[in-house]
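So the chains spell out like this:
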Amino acid sequence: MPTPVIVDVVRLASGKGKPGGALSGTHPTSMLVHVLRALVERNDLDPALIDDVITGCVMQAGEQSLNIGRAAVLGAGFPDSVPATTIDRACGSSQQAVHFAAQGISAGAYDIVIAAGVESMSRVPMGTSSLGQDNLGPEVHARYPEGLVNQGVSAELVAQRWKLDRETLDAYAAESHRRAAAAIAAGHFDSEIVPITVPTADGGTAVHTIDETVRASTTAEGLAGLNPAFRTDEMAARFPDVTWQIHPGISSPFTDGASAALIMSEEMASRLGLTPRARFVSYAVSGDDPLLMLTAPIPATQKALAKAGLGIDDIDAYEVNEAFAPVPLAWAHELGADPAKLNPWGGAIALGHALGSSGTRLLTTLVNYLESTGGRYGLQTMCEANGMANATVIERI
């Protein structure tokens, strides 16, 4: 059975996902084009050899509709023969793209695949794809007659269940910014970020290379002054025991971004004279309570570790997507994970969460962190809408 390996990983620096953000003047297809081109150029790869491009994107509407992956393949100048598909597993879309790519190689269906992700939250705002309609249907409403809740309320429920107080949440968020700012200052992201020229408000251009969402000045004391964002009278009546403490500062910001991974069989990498950077050890996907919604990384991680024959202490770094601060904190508590290994270069609270791009963004940073520190095993996992999660274990080569 062919062994899938990661040859290279790249990403754009994050842009604030609102008008005026660094990437808000760039079409989402152009962002994806940029990382696709970077992979083939960095590795002197003939794009005609690529068997498929699998792209994660969540809001597949407007500028991101009708298979943005194929549009980007054409925009990148790849041969017409290179196909592409765009998939949606909510926030884990591009992590699922990685899984599909690796699984396709293991099955012998592919030799070379690019797994990628893109999301422009400034140009295609969250919720655009639903057109304001009920996407659940009568059967789901019958199963959950009290109704499911938005992710912010789910974060409140997670904080309540794991007894995470406001001070703990604020301190965690501030540490995420501190670690990310330190990583930027040390140049740790330089090898993974692809510079992109973007338009500016004054009609000129600028080269974007630094994550725009990181705030080095963030402190727990400053965050303590922010008001909870998800309390409503209806939710307060439904959940009277919730203390209501989730606010924007402990949530991942809306972000624009794109990222991509070049994945191929070990044999093909050898044939092309390319040196793999990591291999896949295991992958898993799991569902969990859709009301709590954000807890599935716990069982997904347990499944991935069991498949790998590893314990949590065998892992040198964990990238757990920081949709909200309670998510990694609850995960770490249940897994008995070392806090020092958790998002060591900061997480999505600081670096942003560009939905469809986040899975390959986490993989990019994880590979680079393992290489920088000499670590062997890395694990990434992320919560996904309606109570799902992907988990992936990799080994540095």
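Presented here is a report on the structure given in the accompanying data block. This structure is a prediction, so every number in the text was calculated from the model and none was measured.

1. A look at the environment of G75
If you trace the backbone, G75 turns up in helix α2 (residues 68-75). Residues G75 and R37, 38 residues apart in the sequence, show an inter-C-alpha distance of 9.5 Å. Not counting the four nearest positions on each side in its chain, G75 is found in contact with V33 and R37.

2. Some words on the nonpolar core
Counting 53 residues, the largest nonpolar core has L169, F239, L294, I315, Y318 and W331 as its most contacted members. Among the elements of the structure, α5 (151-161), α6 (166-185), α8 (233-238), α10 (297-308), β10 (317-320), α11 (326-335), β11 (377-384) and β12 (388-396) are those that each provide at least two residues to this core. When neighbours within four sequence positions are excluded, Y318 is seen to be in contact with I312, W331, A337, D338, K341, L342, N343, P344 and L379. A72, I112, V118 and I196 belong to the second-largest nonpolar core, a separate cluster that totals 38 residues.

3. Overview of the packing of helix α1 (residues 28-42) against α2
Two elements in contact, α1 and α2, have axes whose closest approach is 8 Å; the angle formed by their N-to-C orientations is 60°. In terms of orientation, α1 and α2 fall into the oblique class. Viewed along their axes, α1 and α2 form a crossing whose handedness is right-handed. Contacts from P28, T29, L32, V33, L36 and R37 of α1 reach α2 at I68, G69, A71, A72, V73 and G75. For the contact of α1 with α2, the residue count by class is 8 nonpolar, 3 polar and 1 charged.

4. Points about the packing of aromatic side chains
Inspection of every chain in the model, using the stated rule, returns 5 aromatic pairs. Ring centres of F189 and W345 lie 5.7 Å apart, and the angle between their planes is 90°; on these two criteria the pair is classed as edge-to-face. With F189 in the loop between α6 and β6 (196-199) and W345 in the loop between α11 and α12 (348-351), this residue pair connects regions lying 156 residues apart in the sequence. Look at F189 and you get buried, because its relative accessible area is 3%. These aromatic residues form a ring-pair network of at least three members: F189, W345 and Y369.

5. Observations concerning the pattern of salt bridges
Under the counting rule described, the total for this entry stands at 14 salt bridges. Where E175 meets R178, a salt bridge forms, and the shortest distance between an N and an O atom there is 2.8 Å. Of this pair, E175 and R178 are both found in helix α6, 3 residues apart, which corresponds to roughly one turn of the helix. The network of salt bridges with common partners includes D8, R42, R277 and E371.

6. Structural notes on α1
Under the 1.5 Å per step criterion, the end-to-end length of α1 is 22 Å for 15 residues, consistent within 8% with the ideal 21 Å. Next to the buried residues of α1 lie β1 (4-11), β3 (52-56), α2, β5 (112-120) and β8 (255-265). Where α1 ends, the next residue or the one after it, D44, has phi of about 50°, a positive value.

Cut-offs applied
Residues numbered from 1 in each chain as written. Predicted model: local features only at pLDDT ≥ 70, side-chain atom pairs only at ≥ 80, totals over all residues. Heavy atoms only, no water. Helix = DSSP H or I, 4+ residues; strand = E, 2+ residues; numbered from the N terminus. Contact = heavy atoms within 4.5 Å. Core = buried A, V, L, I, M, F, W, Y, C linked by side-chain atoms within 4.5 Å. Buried < 20%, exposed > 50% of the residue type's maximum accessible area, 1.4 Å probe, protein only. Axes fitted to C-alpha atoms, helices over the stretch in contact; angles between N-to-C directions. Parallel < 35°, antiparallel > 145°, perpendicular 65-115°, else oblique. Left-handed = near helix turned anticlockwise from the far one by under 90°. Nonpolar A, V, L, I, M, F, W, Y, C, P; charged D, E, K, R; others polar. Phe/Tyr/Trp six-rings, centres within 6.5 Å; stacked < 30°, edge-to-face > 60°. Salt bridge = Lys/Arg side-chain N within 4 Å of Asp/Glu carboxyl O. Expected span 1.5 Å × (residues − 1).

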